[in-house]
Amino acid sequence: MTEFQTRGVSAGAGSGPAARRAGIGLVFLGPPGAGKGTLAKTLQARAGLRHISPGDILRQAVRDHTEYGRRALTFMRTGDLVPDEIVDAMMQAALAQAEDGSGWVLDGYPRTTAQADLLDGFLASRLGTLSAVVHFEIGEDILLRRLTGRRLCPICGAIYHVDYRPPRSAGRCDLDGAELVARRDDAPDTALHRFRVFHAQTAPLIDHYRCRGLLLTVNAEQSTEDLYDVIWEAVRPPRATPLP
Ligand SMILES: [Zn+2]
């Protein structure tokens, strides 16, 4: 945690209307399976921060048949990556909804330094600065154990784990009863490859945010509860000092 210099909303608070309505703004960086989504959902439930993830937003846009959803679907149908320009526009639209000051967590975005620059510019003009960028560090062996037991609901995107988070009825989604699937990406060889690709791709992003004094590196091998405490303690708004 030594690289982390700013503290919560004080990073930009008091410097104009943008800062006043900003709330807490976090970016989560970490490989698939490091627990970013679980932590973001916990922050949403307990602290009211919006969990903004490109995967969720794409699925929602496709379900709602929006313009972006229709364009994204043409790529998703053929198994191609949705182009950055579509993802960028959707993420900015989602962030614009967070201007009510509720705060937010970006989970899985940005993925490139070009997107990070775009995000910096957008935030500067609309929502004030980031509070912190949380970098989830995890060892290869622990990550593989987590990923190979992971099961996904193809309908609603809910994620389970055969050991750590089993559904109430084996192999069925708690929310809609759909049959859970193991993603091909989570097979050991593929998972290991993704982990290494992730590190190569994320290194420049980590440097980008470290240079800005925003990087908060956490040990993602600890429990969700412990991780929550570490992150919340670092970013929560300072408690008001009682009047004498
Ligand atoms: Zn489901």
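It should be noted that the structure appears before, not after, this text.
Residues numbered from 1 in each chain as written. Predicted model: local features only at pLDDT ≥ 70, side-chain atom pairs only at ≥ 80, totals over all residues.

K.L.:
For this particular structure, what's the right way to read the nonpolar core?
P.N.:
Most often, soluble globular proteins keep nonpolar side chains buried together rather than apart. Membership of the largest hydrophobic core comes to 45 residues, with the highest contact counts inside it found for Leu26, Phe28, Val105, Val133 and Val134. Among the elements that take part in this core, helix H5 (residues 84-96) stands out by supplying five residues, more than any other. Once you skip the residues sitting within four places of it in the chain, Val105 turns out to touch Leu26, Phe28, Ala40, Leu43, Leu49, His51 and Ile52. (Core = buried A, V, L, I, M, F, W, Y, C linked by C-beta atoms within 7 Å. Buried ≥ 20, exposed ≤ 12 C-beta atoms within 10 Å, placed from the backbone. Helix = DSSP H or I, 4+ residues; strand = E, 2+ residues; numbered from the N terminus. Contact = placed C-beta atoms within 7 Å.)

K.L.:
Help me out: how do you make sense of helix H9 (residues 224-235) in this one?
P.N.:
Turn by turn, an α-helix covers 3.6 residues, leaving residues three or four places apart pointing in a common direction. End to end, H9 covers 16 Å across twelve residues, agreeing with the expected 16 Å (1.5 Å per residue, within 8%). Within H9 the residues assigned to the buried category are Leu227, Ile231 and Val235. For H9, the angular spread of buried residues about the axis comes to 45°, placing them on one side. In this structure, H9 carries Glu225, Asp226, Asp229 and Glu233 as exposed residues pointing more than 90 degrees from its buried face. (Expected span 1.5 Å × (residues − 1). Arc of directions from axis to C-beta.)

K.L.:
Is there a simple way to think about the environment of Ala191 in this case?
P.N.:
By the element assignment, Ala191 lies in helix H8 (residues 188-211). According to the C-beta neighbour criterion, Ala191 is buried, with 22 such atoms within 10 Å. Between the C-alpha atoms of Ala191 and Gly33, which are 158 residues apart in sequence, the distance is 9.4 Å.

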